[in-house]
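Given next are the chains, with one letter for each unit.
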Amino acid sequence: MGFYDDQVLPRIVDLVLGRPVEEARARVAAGLSGEVLEIGFGSGRNVAHLPAGVTRLLAVEPAAVGRTLAAPRIAAAPVTVEFIGDDGQALHLPDASVDHVLTTWTLCTIPDTERALREIHRVLRPGGTLHFTEHGRSPRPAVARWQDRLTPAWSRIAGGCRLNRRIDDLVEKSGLTLESASTYPMRGTAQLGFAYEGIASKPT
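What counts, and where the lines are drawn
- Residues numbered from 1 in each chain as written.
- Predicted model: local features only at pLDDT ≥ 70, side-chain atom pairs only at ≥ 80, totals over all residues.
- Heavy atoms only, no water.
- Phe/Tyr/Trp six-rings, centres within 6.5 Å; stacked < 30°, edge-to-face > 60°.
- Helix = DSSP H or I, 4+ residues; strand = E, 2+ residues; numbered from the N terminus.
- Lys NZ or Arg CZ within 6 Å of the ring centre and 35° of its normal.
- Buried < 20%, exposed > 50% of the residue type's maximum accessible area, 1.4 Å probe, protein only.
- Pairing = 2+ DSSP bridges.
- Right-handed = clockwise from strand over helix to strand, strands pointing away.
- Arc of directions from axis to C-beta.
- Contact = heavy atoms within 4.5 Å.

Undergrad: In this structure, what is going on with the packing of aromatic side chains? I would like to understand it.
TA: The geometry of an aromatic ring pair comes down to the distance between the two centres and the angle between the two planes. Enumeration over the complete set of coordinates arrives at one aromatic pair. Ring geometry for Phe41 against Phe83: centres 5.4 Å apart, planes inclined by 90°, an arrangement best described as edge-to-face. Of the two residues, Phe41 is situated in the loop between strand E1 (34-39) and strand E2 (54-60) and Phe83 in strand E3 (residues 80-85); the sequence distance between them amounts to 42 residues. If you follow Arg149 out to its NZ or CZ, it ends over the ring of Trp146, 5.0 Å from the centre.

Here it is in structure tokens:
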């Protein structure tokens, strides 16, 4: 990870994905309980939205500045937060060891999303769920074509973020079952912020 991705981009993301998306963070965190794994912990903005039933949060975050920005939020959290690695594609956890997984604007940036989702499937307990809100490919063909054009340049300045991934298809290919899913344009330019939000479960 270079200087920009490690030291600069996390500060930008903390601002851009701050107050304007707090409602989405609250929605996606609802229903979490027990031991939760968050991939792409970032600056810890989801901690404030964790329900009382969450007993422990395991965090994956590659950026050192993200962890630094998160420190005061972790200190104020009513739940223990433990960093367990920096790569969502290779989780240092046993099989079937967590109750739920949380991702917010993360699956768009992981280089091998399919591998990361297989890892999520592996570490979830049967009946456990993935809660997600993500950037993704627009269902509108004209917008999707623009996303294809913009993604190569955008990914270079946005930490590898790809605008054109079909998040729902990728989740289902991992063996998880979509329980709920919705898509909507995020505030601002739809080409840069089309959202996928939902819950997927691991079969029992």
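Undergrad: Where do I start with the pairing of strand E4 (residues 98-104) in this structure?
TA: Burial runs high along E4: six of the seven residues are buried. Bridge count for E1 against E4 is four bridges, and the pairing is parallel. Bridging across to E4, Ile39 finds its partner in Thr103. Pairing between E4 and strand E5 (residues 124-135): six bridges, direction parallel. From the neighbouring strand, Thr104 faces E5, where its bridge partner is Thr133. A crossover links E4 with its parallel partner E5, the connecting element being helix H4 (residues 113-123), and its sense is right-handed.

Undergrad: Can you walk me through helix H2 (residues 22-29) in this structure?
TA: In an α-helix there are 3.6 residues to a turn, and that puts residues three or four apart on one side. What H2 keeps buried is the set Ala24, Arg25, Val28 and Ala29. Buried residues in H2, looked at end-on, bunch into an arc of 125°, giving them a common side. Summarising the contacts, the buried residues of H2 are in contact with E4, E5, strand E6 (177-185) and strand E7 (194-201).

By themselves, these are just geometric observations and shouldn't be taken as functional.
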